[in-house]
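# Coordinate inspection notes
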Amino acid sequence: MGFFAGCLILYVLGGPRVMGGDIPAWQAVLPVLVLCTATAFRSALPPIAVAVGSLTVIVEMTSSGGLGPVLIYTDLLYAAALYGAPWLCRVLQFGTVAVTLGTTIALIAISDRSEGVTTGVIVAMLLISPVWTGVLIRNHKERADAERQRAAQINRLAELDRKTVLQTERTRMARELHDLVANHLSAIAIHSSAVLSLTEAKGGKDGDAEEDPVLRALSVIRENSVQGLAEMRRMVVLLRSDRGVDDDWDRPQLNALGALVEQARPAADAAALSLHTEFPESFPEVSSVIEVTAYRIVQEALTNVLKHASAGRVRIRCEAGTEQLTISVDSPLARADGRSRQRPVEQLLTGAGAGLAGMSERAALVGGIFDAGPDRTAPGRWRVRAVLPLTQNS
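Residues numbered from 1 in each chain as written. Predicted model: local features only at pLDDT ≥ 70, side-chain atom pairs only at ≥ 80, totals over all residues. Heavy atoms only, no water.

Under an unreviewed UniProt entry, the name given to the protein is histidine kinase, and the organism recorded is Streptomyces inhibens. Its UniProt record gives the protein a comment under Catalytic activity (unreviewed entry), which states: "ATP + protein L-histidine = ADP + protein N-phospho-L-histidine." (UniProt positions renumbered as here; feature names shortened; annotations may be inferred.)

### What to know about the overall build of the protein
For the protein, the helix and strand inventory stands at 11 helices and five strands. Taking all 394 residues of the protein together, 32% fall into the buried category. (Helix = DSSP H or I, 4+ residues; strand = E, 2+ residues; numbered from the N terminus. Buried < 20%, exposed > 50% of the residue type's maximum accessible area, 1.4 Å probe, protein only.)

### Concerning the pairing of strand E4 (residues 369–374)
Across six bridges, the pairing between E4 and strand E5 (residues 381–389) is antiparallel. Across the sheet, residue Ala372 finds its bridge partner in E5, namely Val384. Between E4 and E5, which pair antiparallel and follow one another directly, the connecting turn spans six residues, one of which, Gly380, has a positive phi of 85 degrees. (Pairing = 2+ DSSP bridges.)

### Structural notes on the UniProt feature "transmembrane region" (unreviewed entry) in the protein
Cross-referencing UniProt, the feature "transmembrane region" (unreviewed entry) maps to residues 30–59, 91–110 and 117–137 in the present numbering. A helix fraction of 100% and a strand fraction of 0% characterise residues 91–110, whose end C-alpha atoms lie 28 Å from each other. Counting secondary structure, residues 117–137 comes out at 100% helix and 0% strand; the distance between its end C-alpha atoms is 28 Å.

### A closer look at the packing of helix H9 (residues 257–270) against helix H10 (residues 288–308)
What describes two packed helices is the angle between their axes and the distance between those same axes. Contact geometry of H9 with H10 gives a least axis separation of 11 Å together with a crossing angle of 10 degrees. As far as their axial angle goes, H10 and H9 are roughly parallel. Within the contact between the two elements, H9 uses Leu257, Leu260, Val261, Ala264, Ala267 and Ala268 and H10 uses Tyr295, Val298, Gln299, Leu302 and Leu306. Of the residues assigned to the contact of H9 with H10, the class counts are 10 nonpolar, one polar and no charged. (Axes fitted to C-alpha atoms, helices over the stretch in contact; angles between N-to-C directions. Parallel < 35°, antiparallel > 145°, perpendicular 65-115°, else oblique. Contact = heavy atoms within 4.5 Å. Nonpolar A, V, L, I, M, F, W, Y, C, P; charged D, E, K, R; others polar.)

### Some remarks on helix H11 (residues 354–365)
In a regular helix each residue adds 1.5 Å, so 12 residues correspond to 16 Å; H11 covers 16 Å between its end C-alpha atoms and thus fits that length. Buried residues along H11 sit against H10, E4 and E5. (Expected span 1.5 Å × (residues − 1).)

### Remarks on the side chain of Ser328
Locating Ser328 in the fold gives a position in strand E3 (residues 324–332). If sequence neighbours within four positions are ignored, Ser328 has contacts with Arg315, Ile316, Arg317, Val384 and Arg385.

### With respect to the sheet that holds E5
In space, the five strands of this open sheet follow the order E1-E2-E3-E5-E4, with mixed pairing throughout. This sheet does not close on itself; its edge strands, each paired only once, are strand E1 (273–278) and E4. For this sheet, the mean angle separating the axes of adjacent strands, direction not counted, is 10 degrees. Pairing between E3 and E5: nine bridges, direction antiparallel. Looking at E5, one finds that Pro332 is bridged to Arg381. Here H10 sits on the sheet and contacts E1, strand E2 (312–320), E3 and E5; the angle it forms with E5, its principal contact strand, is near 175 degrees.

Here is the structure:
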């Protein structure tokens, strides 16, 4: 429509002479309509658009020689060089040069040299200029596309390298866990089982393990070492796998918090700690990440209580709201002088704050809040509190 309107303006302002001399209006408008129609298909069907445009311009130049169709034809050449197939682009490059040279030589031969050169320059501007402009832009776009593809390929290679390095590191970690930690846990389980077996072989009764604190401690050691060894082996398998944690993985569950507390109760009784739980009757359905995070925070908090807390009452609470899950573990503080109640051998197992840091990191990864320290509302108490969102974005 723009080309057609522009030609009408030329016709109105310049008169019939601009559109090809003293000719009827329909004869001046018809070539413009044909070329405008061909322009509509210049991107989808460049060869057909150029062929129709070339034929129309040849007929127009031999009959009337209007200016409007020639201007529209330059846009057809530009579009064909830009959007057409490579073969069409090469044909236009050599064809326009050949037409320009042929026209210039013919005019020089049959007329004045200056007139032939001048006409050749005008033909070059109308034919060669739009084609070569389209070729330059086409080459620029092809180079840009090639650079984008090269950058995408480099990114893919970098991602593959990153995954390879990550998998290699995970395999190394799995190997170290298996060779060091898992072997030590196996040794603990085997030796504790051997001691209990020797006791039974010497005539010990089933009730002796419950009455004798040493045998009871050995039973707890064996049970915890076997469970820890099972979890360690699952972690080794997970690290060696190239998949993440999914729903099929045997992960800790919120419903197992009660069993976790019961498992720690013998060790708590030996340390004069009284464990009291306040759990809901049924936990809401949450994502696996939230479930594992909540379980591990309670597990680590109980471990710290058994290692550091003084004798007294320990309260483990878990409150499930509509949008968040609140976990709190309140325990007595250690002795006022700051020394641990542990025996010298047990002090070798005392951590350096890694447990609190790990709980804080777990809560932060799921968008939760973690706080641990002396309870301001209850002097002499230590409180661990975590607030986890029930909705976890993937």
